[in-house]
Structure formats: structure tokens, C-alpha cells
Amino acid sequence: MPRRLDPDESALWKKVAATVKPLPRAKAPLAPAALPTVSPPKPTPRSTAAPAAAPRAPAKLPPPRRTHQAATLDGHWDRRLRKGLVRPDLSIDLHGHTLASAQALLDDAIGRGLMRGARVLLVVAGRLRPGADRLPQMHGDPRPRGAIRASLPDWLAYSPHADQIVALRPAHISHGGAGAVYVILRRSRED
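Below is a summary of the structure that appears in this document.

1. Digging into the overall build of the protein
Inference 1: Across its full length, the protein carries 4 helices and 4 strands.
Inference 2: Put simply, the protein runs from its N terminus to its C terminus through helices and strands in the order α-α-β-α-β-α-β-β.
Inference 3: Out of the 191 residues belonging to the protein, those deemed buried represent 29%.
Inference 4: In the protein, once contacts between residues fewer than 6 apart in sequence are set aside, the share between residues at least 24 apart is 66%.
Inference 5: Only carbon and sulfur atoms are counted for the fraction: they give 58% of the accessible area of the protein, which is about 14500 Å².

Pasting the structure below:
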């Protein structure tokens, strides 16, 4: 319980209180008419940099423009691809690239292939390893093994050239087998 003031202290307190002017009352702040809108940051390609301190919620991507793995080709094309009878018009090797540089190289190669009138692009990306889209492998490798190969279908679906890509098929053993894929491009109208 607080101590009571004696009569001398009480008289002194009243003198001091009489000399003090009260502060003007602060006006209540106005509520904002509308909350400010902040656009979310654009997603950046995954890199080999160290992970951030706090995990972020995954950015919601728009639906893919097109899926190419389930796209159908006529039986003749599929048979020729399975037997290794189709010779690629252009090929690229994505080994040793980061995810960002591999995606940029792939988009560039598709653009060059379309300008040249190519129909079959061979993309050598390495084998798809179990868990490639999950945690990195052991032995100090900062990237998961097979991450580029695992990313190919998504990159093609969101590519600026997605409408010009007809299908994605596994490569014949003579062209790299499980470590490569054929990207079948749409025939240009001039052909």
C-alpha cells in the first residue's frame, strides 16, 4: 500500500501542481481511407546461394501456359523417337550451369532453334535423381543432384516460347538416354 503524504508534503505538492499548465490534448489520428497496396516482389530463379534465415512462403505462380510431357505426337513420330531414328537439329548441354543460367540458355536455344526452323532440340541436363526437387545431397554439394533436369518441364511450361513447343520426350540411349530429353518444336508456317 502506498504511503500517505504528511500535511507539509501535501501543501508543497499543491503549490507545485498550481504552477503546472496541462498539456493540450492530442487529436486522435485519422484512420487511413484505404490501406496502401504493396505488390509482392517478383520471384527470382533459384540459385546456389545460402538459404535465407527464415523460410518464406512459396510464391504463387500463374498456371502454366502449356504442359508438354503429356502432349501427343502421332505414332510415327513417337516410334522414330523411341528407336533413335530422329536426328536432333540442335543440341545444348546444361551440365555445370546454375539453375538461372541453365534456364536462360534453354530459352535462348529454343529461340535460336525456332529462327532456324529446327524441329528437334536435344537438351542434355543429366539424370533425374530421386528427390531432386527436395533437399541437397550430402558431401557438401549445395545443389540437389538432378535439379536442372527436374526443372525442365516447368521451365518449358512457363517459357516465352511455350506455344511453339509441341512435346517433351525422353532421349534415345544414343543421344544421352535418361540424361537428355527431346524438345519437339512446332513447324513454322513457311515450311
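2. Quick look at helix H3 (residues 99–116)
Inference 1: Its 18 residues give H3 an end-to-end C-alpha distance of 26 Å, which sits within 8% of 26 Å, the value for a rise of 1.5 Å per residue.
Inference 2: Within H3, burial applies to Leu 99, Ala 102, Leu 106, Asp 107, Ala 109, Ile 110, Gly 111 and Gly 113.
Inference 3: Gly 117 occupies a position one or two residues after H3 and carries a positive phi of about 80°.

3. Observations regarding the sheet that holds strand S1 (residues 90–93)
Inference 1: Taken in spatial order, the 4 strands make up an open sheet running S1-S2-S4-S3, and their pairing is mixed. Both outer strands of the open sheet, S1 and strand S3 (165–170), are each paired with one neighbouring strand and no more. Adjacent strand axes in the sheet meet at a mean angle of 20°, parallel and antiparallel pairs treated alike.
Inference 2: In terms of strand pairing, strand S2 (residues 120–124) meets strand S4 (residues 180–185) through 5 bridges, oriented antiparallel. Paired with Val 123 across the strands is Val 181, a residue of S4.

4. Focus: the pattern of salt bridges
Inference 1: For the structure shown, the criterion picks out 2 salt bridges.
Inference 2: The closest approach of N and O atoms between Arg 112 and Asp 108, which form a salt bridge, is 3.2 Å. Taken as a pair, Arg 112 and Asp 108 lie in helix H3 at a separation of 4 residues, close to a single helical turn.

5. Examining the pairing of S1
Inference 1: On S1, burial follows the alternation: Leu 90 and Ile 92 on one face are buried, whereas Ser 91 and Asp 93 on the facing-out side are not.
Inference 2: Relative to S2, S1 is paired through 4 bridges, and the arrangement is parallel. Residue pairing in the sheet places Ser 91 in a bridge with Leu 122 of S2.
Inference 3: The parallel pair S1 and S2, bridged by H3, forms a crossover whose chirality is right-handed.

6. Considerations on helix H4 (residues 147–158)
Inference 1: For H4, built from 12 residues, the straight-helix expectation of 16 Å at 1.5 Å per residue is met to within 8% by its first-to-last C-alpha distance of 17 Å.
Inference 2: Along H4, the residues classified as buried are Ala 147, Ile 148, Arg 149, Ser 151, Leu 152, Trp 155, Leu 156 and Ala 157.
Inference 3: Of the surrounding secondary structure, the elements contacted by the buried residues of H4 are H3, S2, S3 and S4.

7. Considerations on the nonpolar core
Inference 1: In terms of nonpolar packing, the biggest core is built from 21 residues, with Leu 94, Leu 106, Val 123, Leu 152 and Val 183 touching the most fellow members.
Inference 2: Counting only elements with at least two residues in this core, the list comes to S1, H3, S2, H4, S3 and S4.
Inference 3: Not counting chain neighbours up to four residues away, the residues in contact with Val 123 comprise Ile 92, Leu 94, Leu 106, Leu 152, Gly 179, Ala 180, Val 181 and Val 183.
Inference 4: Counting residues in hydrophobic clusters, the runner-up holds 11 residues, among them Leu 81, Val 86, Val 120 and Ala 171.

8. Let's talk about the environment of Val 123
Inference 1: By the secondary structure assignment, Val 123 is in strand S2.
Inference 2: What makes Val 123 buried here is its relative accessible area of 1%.
Inference 3: Expressed as a C-alpha distance, the spacing of Val 123 and Gly 176, which sit 53 residues apart in the sequence, is 9.1 Å.

9. Side note on a nonpolar patch on the surface
Inference 1: A surface patch of nonpolar side chains, about 530 Å² in accessible area, is lined by Leu 5, Leu 12, Trp 13, Val 16 and Val 20.
Inference 2: Turning to its location among the elements, Val 20 is positioned in the loop between helix H1 (7–19) and helix H2 (75–83).

Analysis parameters
Residues numbered from 1 in each chain as written. Predicted model: local features only at pLDDT ≥ 70, side-chain atom pairs only at ≥ 80, totals over all residues. Heavy atoms only, no water. Helix = DSSP H or I, 4+ residues; strand = E, 2+ residues; numbered from the N terminus. Buried < 20%, exposed > 50% of the residue type's maximum accessible area, 1.4 Å probe, protein only. Contact = heavy atoms within 4.5 Å. Areas by Shrake-Rupley, 256 points an atom, 1.4 Å probe, with all protein chains shown as cover. Expected span 1.5 Å × (residues − 1). Pairing = 2+ DSSP bridges. Axes fitted to C-alpha atoms, helices over the stretch in contact; angles between N-to-C directions. Salt bridge = Lys/Arg side-chain N within 4 Å of Asp/Glu carboxyl O. Right-handed = clockwise from strand over helix to strand, strands pointing away. Core = buried A, V, L, I, M, F, W, Y, C linked by side-chain atoms within 4.5 Å. Patch = residues over 30% accessible without salt bridge, like charges linked within 9 Å, V, L, I, M, F, W, Y side chains within 5 Å.

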